[in-house]
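Residue strings, one per chain:
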Amino acid sequence: MRKKVIAGNWKMNNDVNGTVNLISEIKKELNAKSQKADIIVCPPFTNLETAYALVKDSTIKLGAQNMYFEESGAFTGEISPSMLKSTGCEFVILGHSERRTIFHETDQTINKKIKTAVKHGLKPIFCIGETLEEREKGITFKVIETQVRNGLEGLTQSELSDMIIAYEPVWAIGTGRNATPQQAQEVHQFIRGLVAKLYNQGFADQLVIQYGGSVKPDNAKELLSQPDIDGALVGGACLKADLFVKIIDAA
Ligand code: 13P
């Protein structure tokens with residue numbers, strides 16, 4: 001059985017003090033129920049070391065929100081996989097829709113990033129999702145299939161053994177309008193089927209597929225009870241310890 005994985009994508013929120021406060025509060029709020037899910041926090045780069053010091057003796061794992069695909073060199077402003085590893089990071093979010101739209105990342109750049117991440121032992125949280133326009137045109141599955149095929153191009157099952165896929169419909173991110181459990185389930189099932197086709201059923205069956213997009217304590221339970229929804233990638237609600245832990249408990 002797949003374990004539920006709840007990750008908090010802090011986006012560009014919290015400085016060092018804010019990080020200390022939020023992680024301390026999350027640790028305080030966690031209870032016996034929470035321990036049944038895997039928990040990941042993804043603060044900004046500048047707070048990773050601070051965050052690691054606070055989570056290393058707990059069940060909370062650490063992730064980053066992005067990474068460059070080169071290992072070192074003249075890439076001003078970028079962060080390499082070994083830099084992330086050296087802070088204690090275990091996961092890295094790649095291909096988030098904000099990276100795709102605001103920072104013009106393509107399927108090809110994301111593919112290079114996944115390749116470099118896994119080479120360095122970082123576990124990718126690979127984000128995919130359609131825009132509202134694409135959903136209304138009825139091309140959601142086509143868009144998802146292209147993102148998955150291109151993003152995973154040239155990667156083997158063993159390289160991807162620790163990958164998480166996060167389905168985040170762009171129209172549901174930060175809008176307060178989550179996908180219905182049925183809408184999300186339908187896409188998650190499609191993704192699992194596609195991974196079975198590209199790799200094999202056994203790999204698809206153990207793959208964790210998170211849903212992201214306006215996940216809140218009041219919709220988490222129903223979303224997370226769908227057969228192919230194995231967790232959540234939470235934005236806004238992960239910035240409040242009580243809300244984040246309520247979502248973890250719902251899992
Ligand atoms: P919200 O939960 O704020 O909609 O953000 C989702 C998200 O983008 C997580 O990566």
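These lines cover the structure that appears in this document, whether it is placed above or below. Remember, predicted model here, so these are calculated numbers, not experimental data.

### Re the environment of Ile93
Topologically, Ile93 is positioned in strand 4 (residues 91-94). Since its relative accessible area comes to 1%, Ile93 is described here as buried. Ile93 sits 131 residues away from Leu224 along the chain, and the two C-alpha atoms are 20 Å apart. With near-sequence residues (within four places) excluded, Ile93 lies in contact with Asn9, Cys42, Ala64, Gln65, Asn66, Ile125, Cys127 and Leu233.

### Let's talk about the pattern of salt bridges
This structure, assessed with the given rule, holds 14 salt bridges. Measuring nitrogen to oxygen at the nearest pair gives 2.8 Å for the salt bridge that ties Glu105 to Lys113. For the pair Glu105 and Lys113, a shared accessibility class is recorded, and that class is buried. Between Arg192 and Asp228 there is a salt bridge; the shortest N-O distance is 2.6 Å. Placement of Arg192 in helix 8 (residues 181-198) and of Asp228 in the loop between helix 10 (217-224) and strand 8 (231-234) is noted, with a sequence separation of 36 residues between them. On the accessibility criterion, Arg192 (5% relative accessible area) is buried. Residue classification places Asp228 among the buried positions, given a relative accessible area of 11%. One network of salt bridges, in which partners are shared, links Arg2, Arg192, Asp228 and Asp230.

### A closer look at the site of the ligand
Near the ligand, the surroundings consist of Asn9, Lys11, His96, Glu168, Ala172, Ile173, Gly174, Gly213, Ser214, Leu233, Gly235 and Gly236. In the environment of the ligand, an oxygen atom lies 2.9 Å from a nitrogen or oxygen atom belonging to the side chain of Glu168. Between the ligand and the protein, one listed contact pairs an oxygen atom with a backbone N or O atom of Gly236 at 2.8 Å. Computed on the free molecule, the ligand has an accessible area of 310 Å², of which 97% lies beneath the protein chains in the complex. For the shell around the ligand, the class distribution of residues is 3 nonpolar, 7 polar and 2 charged.

### Describing the sheet that holds strand 2 (residues 38-42)
Here 8 strands make up a closed barrel; going around it, the order is 1-2-3-4-5-6-7-8 and the pairing parallel. When the angles between neighbouring strand axes are averaged without regard to direction, this sheet yields 25 degrees. Both strand 1 (residues 5-9) and strand 8 contribute to a ladder of 4 bridges, which runs parallel. Across the sheet, residue Gly8 finds its bridge partner in strand 8, namely Val234.

### Concerning the packing of helix 10 against helix 11 (residues 241-250)
At a minimum axis distance of 8 Å, the contact between helix 10 and helix 11 shows a crossing angle of 20 degrees. When the axis of helix 10 is compared with that of helix 11, the two are roughly parallel. Helix 11 is crossed by helix 10, and the crossing has right-handed handedness. Contact residues: helix 10 offers Pro217, Ala220, Lys221 and Leu224, while helix 11 offers Leu243, Lys246, Ile247 and Ala250. Here the residues of the contact of helix 10 with helix 11 are counted per class, giving 6 nonpolar, no polar and 2 charged.

What counts, and where the lines are drawn
Position numbers for residues start from 1 in each chain and track the written sequence from start to end. Selection of residues for local features in this predicted model requires a pLDDT of at least 70, selection of side-chain atom pairs for listing and counting requires 80 or more, and totals for whole chains, interfaces and linings are taken over all residues. Water and hydrogen atoms play no part in the side-chain values, which are based on all heavy atoms of the structure. For helices the rule is a DSSP run of H or I covering at least 4 residues; for strands it is a run of E covering at least 2, with both sets numbered from the N terminus onward. We call a residue buried when its accessible area falls under 20% of the maximum for its residue type, exposed when it is over 50%, and partly exposed in between, using a 1.4 Å probe and counting protein chains only. Two residues qualify as a contact provided that any one of their heavy atoms is within 4.5 Å of a heavy atom in the partner residue. What counts as a salt bridge is simple: a side-chain nitrogen of Lys or Arg found within 4 Å of a carboxyl oxygen of Asp or Glu. Residue proximity to a molecule or strand is established when one non-hydrogen atom of the residue lies within 4 Å of it. Polar contacts here mean pairs of N or O atoms no more than 3.5 Å apart (in protein, one a potential hydrogen donor and the other a potential acceptor; neighbouring residues in sequence count only if both atoms are side-chain atoms). Residue-level accessible areas treat just the shown protein chains as cover; the underlying method is Shrake-Rupley with a 1.4 Å probe. Classification used: nonpolar for Ala, Val, Leu, Ile, Met, Phe, Trp, Tyr, Cys and Pro, charged for Asp, Glu, Lys and Arg, polar for all others including Gly. Between any two strands, at least two bridges found by DSSP are needed for them to pair. Whenever a helix is involved, its axis is fitted only over the stretch in contact; in every case the axis is a line through C-alpha atoms, and angles between N-to-C directions fall within 0 to 180 degrees. Any angle that is under 35 degrees is reported as roughly parallel, and any over 145 degrees as roughly antiparallel; angles of 65 to 115 degrees are reported as roughly perpendicular and all others as oblique. Handedness of a crossing is defined here by the sense of rotation of the near helix relative to the far one, left-handed for an anticlockwise turn of less than a right angle and right-handed for a clockwise turn.

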